[in-house]
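A closer look at the structure
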Amino acid sequence: MHWSQYVKIFTALLAILNPFGAIPVFLALTGNSSDAERKKLTRTVGISVAVILSASALVGERLLDFFGISIASFQVGGSILLFLMAVSMMQAEEAFSKGTPEEAAAAISREGIAVVPLAIPLLAGPGSISTIIVYTNLADSWTHRALIILCCVLAAFVTWLVLRTATRLGNFLGRIGLNVASRLMGLLLAAIAIELFAKGIIKLLPGLA
C-alpha cells in the first residue's frame, strides 16, 4: 500500500478515538487527583490504548475466522457502527458504544479508571477495534501489519498528549470549543464510514459494482 493510505488509516483511527471528546470525562474522573497522579493515569491510558489496538491488528482476523465471520460482513457492520458514532459526535453527544454514564460514575471509586472506562471503552471501543481489523485485512504481509501497529502506537501517543494537557486544553477551548472539535472529527468519521461501507457491500454483492 502507498504511504498515503497509512496516513489515511492514522487519521481515521485518530478521529474514532476522538481524544478531545474524552477530555470532559477525563477531567471529571480525575477532578481530585494531583498532577503526578494525572500524569500516571494518562501514561497508563496511552499504553492501554496502544496495546488493545495492536492486539486487534495481530489476532483480530483470527477471531473472525474462529466465529466464521467474513471480513466483508465485518466491514459492513463496522462501518454502520462508525457512522452511528459519527452522527453522535456531530451532535456533540457521547457515543453509545463508549459506555454509559453509570459505568463512568462507578469507575471513580476504582483504581483502574485509566483502563476502564478511559481506555476501554471510552477511547479504544468497538469502533476503533473493528476499524483496525478491517484495515489490517487490506494487505497480507507482516510489513503492512507492522505499519498498522505503528499507526496504532502513534494514535495512542497523540491521545496521551491530548489528555496530558487536558486541563489546559479544557480551559482554553471551553465546552463549545470541545464540541466543535468533536463535530469536525465526526464529519470526517462519517465520510470514512461511508467509504468502508461501499467497499464492504461490493464484496458481499459483487453485482452492485
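These figures come from a predicted structure and were not determined experimentally.

Applying the stated criterion across every chain yields a total of two aromatic pairs. Taken together, a centroid distance of 5.1 Å and an interplanar angle of 85° make the contact between Phe66 and Phe67 edge-to-face. The exposure classification of Phe66 matches that of Phe67, with both residues exposed. A cation over an aromatic ring shows up here: Arg145 above the ring of Trp142, its NZ or CZ 5.3 Å from the ring centre.

This part covers helix α1 (residues 3-17). The end-to-end C-alpha distance of α1, which contains 15 residues, comes to 21 Å, matching closely the 21 Å that a straight helix rising 1.5 Å per residue would cover. Those residues of α1 lying buried are Tyr6, Ile9, Ala12, Leu13, Leu14, Ala15, Ile16 and Leu17.

A contiguous nonpolar patch, built from Leu58, Val59, Leu63, Phe66, Phe67, Ile69 and Trp142 and spanning about 790 Å² of accessible area, is present on the exposed surface. The element contributing the most residues to the nonpolar patch is helix α3 (residues 35-67), with five residues. Here Phe66 is to be found in helix α3.

To continue, consider the nonpolar core. Core analysis: the biggest nonpolar cluster contains 48 residues, and Val49, Leu53 and Ile148 have the highest contact counts within it. Taken together, the elements giving at least two residues each to this core come down to α1, α2 (19-29), α3, α4 (71-90), α6 (114-123), α7 (126-136), α8 (142-164) and α9 (166-204). The biggest single contributor to this core is α9, with eight residues. Among all residues touching Val49, those that are not within four sequence positions of it are Leu17, Ala119, Leu123 and Ala156.

This structure, assessed with the given rule, holds two salt bridges. A salt bridge links Glu195 to Lys8; the shortest N-O distance between them is 2.4 Å. Placement of Glu195 in helix α9 and of Lys8 in helix α1 is noted, with a sequence separation of 187 residues between them. For Lys199, the salt bridge is made with Glu195, and the minimal N-O distance between the two is 3.4 Å. Taken together, the residues span about one helical turn, with Lys199 and Glu195 both in helix α9 at a distance of four residues. Each of Lys8, Glu195 and Lys199 takes part in salt bridges that share partners, so that together they form one network.

We now examine the packing of α2 against α8. Relative orientation of the contacting elements α2 and α8 amounts to 40°, with a least axis distance of 9 Å. Taken as axis vectors, α2 and α8 run oblique relative to one another. Here α2 and α8 pass one another in a crossing that is right-handed. Residues Pro19, Phe20, Ile23 and Phe26 of α2 form the contact with α8, whose own contacting residues are Thr159, Val162 and Leu163. In terms of residue class, the contact of α2 with α8 is made up of six nonpolar, one polar and no charged.

This paragraph deals with the state of the cysteines. What the rule picks out here adds up to zero disulfides. Considering cysteine sulfurs only, Cys152 is the nearest to Cys151, which forms no disulfide, with 6.9 Å between them.

This part takes up the confidence of the model for the protein chain. Mean pLDDT over the protein chain works out to 83, with 90% of the residues at or above the 70 mark. Here helix α5 (residues 101-107) is the element of the protein chain with the lowest mean pLDDT, 50, and α8 is the one with the highest, 95. Throughout residues 106-111 the model reports pLDDT below 50, and contacts reaching past four residues in sequence, or to other chains, amount to six contacts.

Take unusual backbone geometry next. In the Ramachandran plot, Asn18 falls in the positive-phi region, its phi being about 50° despite a non-glycine side chain. Note on placement: Asn18 falls in the loop between α1 and α2.

Reading guide: rules and limits
- All residue numbers refer to positions counted from 1 along the written sequence of the respective chain.
- Where totals are concerned, whole chains, interfaces and linings use all residues; where local detail is concerned, this predicted model gives features only for residues with pLDDT of at least 70, and gives and counts side-chain atom pairs only at 80 or more.
- To get the side-chain values, take all heavy atoms of the structure and skip hydrogens and water.
- Centres within 6.5 Å are what make two rings of Phe, Tyr or Trp a pair, Trp counting through its six-membered ring; a difference in plane orientation under 30 degrees is then read as stacked, over 60 as edge-to-face, and the rest as tilted.
- Any residue under 20% of the maximum accessible area for its type is buried, any over 50% is exposed, and the rest in between are partly exposed; the area is computed with a 1.4 Å probe on protein chains only.
- Whether a charge sits over a ring comes down to the Lys NZ or Arg CZ being within 6 Å of the ring centre and within 35 degrees of the ring normal.
- Secondary structure elements follow DSSP: runs of H or I no shorter than four residues count as helices, runs of E no shorter than two count as strands, and numbering proceeds from the N terminus.
- Helix span, as expected, comes to 1.5 Å for every residue beyond the first.
- Exposure above 30% relative accessible area and the absence of a salt bridge qualify a residue for a patch, where like charges join within 9 Å and nonpolar side chains (Val, Leu, Ile, Met, Phe, Trp, Tyr) within 5 Å.
- What sets the accessible areas is the Shrake-Rupley method with a 1.4 Å probe; for residues, cover comes only from the shown protein chains.
- Throughout this description, the term salt bridge denotes a Lys or Arg side-chain nitrogen within 4 Å of a carboxyl oxygen of Asp or Glu.
- Nine residue types can take part in a nonpolar core, namely buried Ala, Val, Leu, Ile, Met, Phe, Trp, Tyr and Cys, and a core is a set of them joined through side-chain atoms within 4.5 Å.
- It only takes one pair of heavy atoms within 4.5 Å for two residues to be counted as in contact.
- For helices, the axis comes from a line fit to the C-alpha atoms of the stretch in contact; other axes are also lines fit to C-alpha atoms, and the angle between any two N-to-C directions lies between 0 and 180 degrees.
- Angle categories are assigned with fixed cut-offs, so that under 35 degrees is roughly parallel, over 145 is roughly antiparallel, 65 to 115 is roughly perpendicular, and the rest are oblique.
- Crossing handedness is read from the near helix: turned anticlockwise from the far helix by less than a right angle, it gives a left-handed crossing, and turned clockwise, a right-handed one.
- Each residue receives one of three labels: charged for Asp, Glu, Lys and Arg, nonpolar for Ala, Val, Leu, Ile, Met, Phe, Trp, Tyr, Cys and Pro, and polar for the others, Gly being one of them.
- Criterion for a disulfide: a pair of cysteine sulfur atoms at a distance within 2.5 Å.
- Looking at any residue, its pLDDT shows the predictor's confidence there, from 0 to 100.

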